[in-house]
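Geometric and topological summary
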Amino acid sequence: MSMISVEQAIETTEMFSKEHLDVRTITMGISLLDTMNSDVDKLCKNIEKKILHYASNLVEVADGLSERYGIPIVNKRISITPMSIITEPCCKKDVDYIKVAKTIDNLAKKLKVDFIGGWSAILSGGLTYNDKRFLNAIPKVLSKTKVLCSSVVVGSTKAGLDMDAVKLCGEIIKDTAKLTKNNNSIGCAKFVVFSNSTDDNPFMAGAFHGISQGEVVLNVGVSGPGVVRNALLSAKNQDFTTLCETIKKIAFKITRIGQFVGTEASKRLGIPLGIIDLSLAPTPAKGDSVADVLELMGLESVGAPGTTAALAMLNDQVKKGGIMAARNVGGLSGAFIPVSEDQGMINAVLKKALTIEKLEAMTCVCSVGLDMIAIPGDTSAETISGIIADEMMIGIINQKTTAVRIIPAYGKKAGDKVSFGGLLGYAPIMKVNEFSCKDFINRGGHIPAPVHSFKN
């Protein structure tokens, strides 16, 4: 594939200045497998040494590229090996986990990265004693750190769904909401539950450096709902054939910018370039909304009949356009539908056009799942686990990545609003089905993998 030229990158300047196109993140993935130690203090020193070795000039390089080429690079991030693995030899109590977590969080702040992901556990095959200790410490870890993000993988198409882990994740979310209640339960915005997670995801809160990855890699996430929206204005009243071609062409251009930035950053940092993730990830800014894109297709509001079909088409065309524009497209590429980060989604919720049930249907065809949804603070842990279980099985049966990032905002009720600030935006508190699933969740155990998982 031919390399994008500087001239080709510069000619898209208007996309940056008027249509909110940006490189949403450059994420450096770093393996910490060789830092493991039976002594907590030695582990902390090893982690600090390893991350500093590779990432000490990450922000400087990103800012330099942004300044030279006029390309906004919104977030600089680091992802690390799932820490449930790394902490196993030395962490036996909450205080041990908190010490390691604070070391990582302080290091991230020292490096001036926006987030660091990887306080994670992969549990789809079942829970070990160490896994239980690690998970039980997550609420305290998230309440005592600022930019450290956590994720738990509870299922996959190959392994099925670990319902013990699903139950525990509901409790984790409730405890985290309470421990961070003085800041609108924001700790829950740094925690996500996955099925079929990818090892090369550059987006938080679910990013971690999978053990299938190399020593160090640079992954780039590009976003541009505003650019797609603007392109669709020129295809107004056209048929779906024209609409699809329009989306594919603009997705190609957006992804080429990511390839350019990734290649340049990789050279300057002296590390391999991994994947380009083309995800239409919205922001609270006006005109930067996936909901707006869907409504331009002819929907009166997101949530109306036809919404899931429109989203499926958008997701597929984005991938088709992007896959030809980069050496290696990966991650979660497609369309995200986070409520708090998308003003169009917020508007649809406020006018009662969009419910959690409709969002769940949309997750069957979007990039990820139920994302940044605020619910009443008194929602039970079992109900949250039920929501997680539903979403995980959508991914497991359909062989796709699904996730849940849900926030039971402490002290808030349906109809209230909660603000998280920055790119996380604000969200209306959405009504949750009040019928109980307690007995279902408390069964525990394991739901086996579906029949099609046995293909080989």
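The model shown is predicted, which means the values in this text are computed figures rather than measured ones.

**Side note on unusual backbone geometry**
- The peptide bond linking Met204 to Ala205 adopts the cis configuration, its omega dihedral lying at 15 degrees.
- At Met372, a residue that is not glycine, the phi angle is positive and equals roughly 55 degrees.
- Looking at the element boundaries, Met372 is found in strand S10 (residues 370-376).
- Relative accessible area serves as the criterion here: at 0%, Met372 is assigned to the buried category.

**Focus on the packing of helix H3 (residues 40-55) against helix H6 (residues 94-111)**
- Here H3 crosses H6 at 20 degrees, and the two axes come no closer than 10 Å. By the angle between their axes, H3 is roughly parallel relative to H6. Note on packing geometry: the crossing formed by H3 with H6 is right-handed. Contacts from Val40, Asp41, Leu43, Cys44, Ile47, Glu48, Ile51, Leu52 and Ala55 of H3 reach H6 at Asp96, Lys99, Val100, Thr103, Ile104, Leu107, Lys110 and Leu111.
- The residue inventory of the contact of H3 with H6, partitioned by class, reads 11 nonpolar, 1 polar and 5 charged.

**A closer look at the nonpolar core**
- Of all hydrophobic cores here, the largest spans 135 residues; its most connected members are Ile51, Trp119 and Leu314.
- Among the elements that make up this core, the one with the highest residue count is helix H10 (residues 240-269) (11 residues).

**A look at the pattern of salt bridges**
- Per the stated rule, a full pass over the model turns up 13 salt bridges.
- The closest approach of N and O atoms between Lys50 and Asp34, which form a salt bridge, is 2.8 Å. With Lys50 in helix H3 and Asp34 in the loop between strand S1 (22-30) and H3, this pair connects stretches of sequence that are 16 residues apart.
- Judged by relative accessible area, which is 55%, Asp34 ranks as exposed.
- Across the pair Glu245 and Lys248 runs a salt bridge whose closest N-O atoms are separated by 2.9 Å.

**Let's talk about the packing of helix H9 (residues 225-233) against H10**
- Two elements in contact, H9 and H10, have axes whose closest approach is 10 Å; the angle formed by their N-to-C orientations is 145 degrees. Handedness of the crossing formed by H9 with H10: right-handed. Contacts between H9 and H10 involve Val227, Val228, Ala231 and Leu232 from the former and Leu243, Thr246, Ile247, Ile250 and Ile254 from the latter.
- For the contact of H9 with H10, the residue count by class is 8 nonpolar, 1 polar and no charged.

**A few points about the pairing of strand S8 (residues 273-280)**
- The buried count for S8 comes to 8 of 8 residues, which makes it a mostly enclosed element.
- Pairing between strand S7 (residues 216-223) and S8: 4 bridges, direction parallel. Looking across to S8, one finds that Val222 is bridged to Leu278.
- The pairing of S8 with strand S9 (residues 334-335) spans 2 bridges and is parallel. Along S9, the bridge assignment pairs Leu280 with Ala335.

**Quick look at H3**
- When the terminal C-alpha atoms of H3 are compared, their 22 Å separation across 16 residues agrees well with the 22 Å that a helix rising 1.5 Å per residue should span.
- Every buried residue of H3 is listed here: Val40, Leu43, Cys44, Ile47, Lys50, Ile51, Tyr54 and Ala55. Down the axis of H3, the smallest arc covering the buried residues is 135 degrees, so these residues share one side. Across H3 from its buried face, at more than 90 degrees, point the exposed residues Lys45, Lys49 and His53.

**Here we look at the side chain of Ser79**
- Inspection of the secondary structure assignment puts Ser79 in strand S2 (residues 73-80).
- In this view, Ser79 contacts Thr27, Met28, Gly29, Ile30, Gly117, Ala207, Phe208 and His209; residues no more than four positions away in its chain are not counted.

**Comments concerning the packing of aromatic side chains**
- Applying the stated criterion to the full structure yields 5 aromatic pairs.
- For the ring pair Tyr97 and Phe134, a centre distance of 5.7 Å and an interplane angle of 85 degrees mean the geometry is edge-to-face. Here the residue Tyr97 occupies a position in helix H6, and Phe134 occupies one in helix H7 (residues 129-143), the gap between them amounting to 37 residues.
- The exposure class of Phe134 is buried, given its relative accessible area of 0%.
- Plain terms: the ring middles of Phe203 and Phe336 are 5.2 Å apart, the flat faces sit at 65 degrees to each other, and that makes the pair edge-to-face. A residue pair is termed long-range when its members are at least 10 positions apart, and Phe203 in the loop between strand S6 (191-195) and S7 and Phe336 in the loop between S9 and helix H13 (343-350) qualify at 133 residues.

**Digging into a nonpolar patch on the surface**
- On the surface, Leu33, Met36 and Ile211 cluster together into a nonpolar patch covering about 270 Å² of accessible area.
- Counting through the fold element by element, Met36 comes out in the loop between S1 and H3.

**Re the side chain of Ser185**
- As for its position among the elements, Ser185 is in the loop between helix H8 (163-179) and S6.
- We classify Ser185 as buried; its relative accessible area is 0%.
- Engagement of the side chain of Ser185 in a polar contact is seen with the backbone oxygen of Ala177, the distance being 3.0 Å.
- Not counting residues within four places of it along the chain, the set of residues in contact with Ser185 comprises Ala177, Thr180, Ile407, Pro408, Ala409 and Tyr410.

Rules used in this analysis
Residues numbered from 1 in each chain as written. Predicted model: local features only at pLDDT ≥ 70, side-chain atom pairs only at ≥ 80, totals over all residues. Heavy atoms only, no water. Helix = DSSP H or I, 4+ residues; strand = E, 2+ residues; numbered from the N terminus. Buried < 20%, exposed > 50% of the residue type's maximum accessible area, 1.4 Å probe, protein only. Axes fitted to C-alpha atoms, helices over the stretch in contact; angles between N-to-C directions. Parallel < 35°, antiparallel > 145°, perpendicular 65-115°, else oblique. Left-handed = near helix turned anticlockwise from the far one by under 90°. Contact = heavy atoms within 4.5 Å. Nonpolar A, V, L, I, M, F, W, Y, C, P; charged D, E, K, R; others polar. Core = buried A, V, L, I, M, F, W, Y, C linked by side-chain atoms within 4.5 Å. Salt bridge = Lys/Arg side-chain N within 4 Å of Asp/Glu carboxyl O. Pairing = 2+ DSSP bridges. Expected span 1.5 Å × (residues − 1). Arc of directions from axis to C-beta. Phe/Tyr/Trp six-rings, centres within 6.5 Å; stacked < 30°, edge-to-face > 60°. Patch = residues over 30% accessible without salt bridge, like charges linked within 9 Å, V, L, I, M, F, W, Y side chains within 5 Å. Areas by Shrake-Rupley, 256 points an atom, 1.4 Å probe, with all protein chains shown as cover. Polar contact = N/O pair within 3.5 Å; in protein donor to acceptor, adjacent residues only side chain to side chain.

Functional significance is not addressed by these values, which are geometric in nature.
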